[in-house]
Amino acid sequence: MLKMVGQKFVKLRQQGGPILSSDHTVIVGWSALGFEILTELGIANENQGKSAVVVLAPQDKVKLEESIAGLPMRTTKTIVRNGKPTSLDDLDRVRLNTARNVIVLGQWDSPDHDSQVIASLMAIARYRETHSEFRAEVVACLRHDENELPAKVAARYPVTILNVRSMLARVM
């Protein structure tokens, strides 16, 4: 019995429990771009009082929490949950249906980055069909312009597509 309770605590530490927040921002997937996004959200939410950002990523929860611990989040609480960005159960676990904003990222250094984002958009579209209360604005970050149309088709609902490479090229 004690061993079973210990295993539950280990699983809870590694994956995290249910999210209680609503009107929060959810980052689906993770990449190095996530650090910049979290920093900007922390600054943008300073005048909002208490805000929450939930990160749903396949990476190790504890390591990701440690890597973002030093970011200047001020009034914004950051919650990390381990899970698959394409899992409807994991999307439900981060209360996607009550989110204000959803930001979709893929593994930046992966050749499958855009495919990961498109797969996540497809999962979010399936999730929306079973959650009529879903009202969040969805933003997806792609690397290649030619994947914008497939991403919009996969999303099936309005989505803002940002081509991160093009944005970086304009800034530099």
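Shown above is the structure to which this text applies.
Because the structure is a prediction, the values reported are computed rather than measured.

Quick notes on the side chain of H131
Relative to the assigned elements, H131 resides in the loop between helix 5 (113–130) and strand 5 (137–142). Assessed through its relative accessible area of 15%, H131 is described here as buried. Reaching out from H131, the side chain makes a polar contact with the side chain of D92 at a distance of 3.3 Å. Aside from chain neighbours lying at most four places away, what touches H131 is D92 and N97.

Regarding the pairing of strand 1 (residues 25–28)
Covered by surrounding structure in strand 1 are T25 and I27 together with V26 and V28, the residues of both alternating faces. Crossover connection from strand 1 via helix 2 (residues 33–44) to parallel strand 2 (residues 51–57): handedness right-handed. Across four bridges, the pairing between strand 1 and strand 4 (residues 101–104) is parallel. Bridging across to strand 4, V26 finds its partner in V102.

What counts, and at which threshold
- Residues numbered from 1 in each chain as written.
- Predicted model: local features only at pLDDT ≥ 70, side-chain atom pairs only at ≥ 80, totals over all residues.
- Heavy atoms only, no water.
- Helix = DSSP H or I, 4+ residues; strand = E, 2+ residues; numbered from the N terminus.
- Buried < 20%, exposed > 50% of the residue type's maximum accessible area, 1.4 Å probe, protein only.
- Polar contact = N/O pair within 3.5 Å; in protein donor to acceptor, adjacent residues only side chain to side chain.
- Contact = heavy atoms within 4.5 Å.
- Right-handed = clockwise from strand over helix to strand, strands pointing away.
- Pairing = 2+ DSSP bridges.

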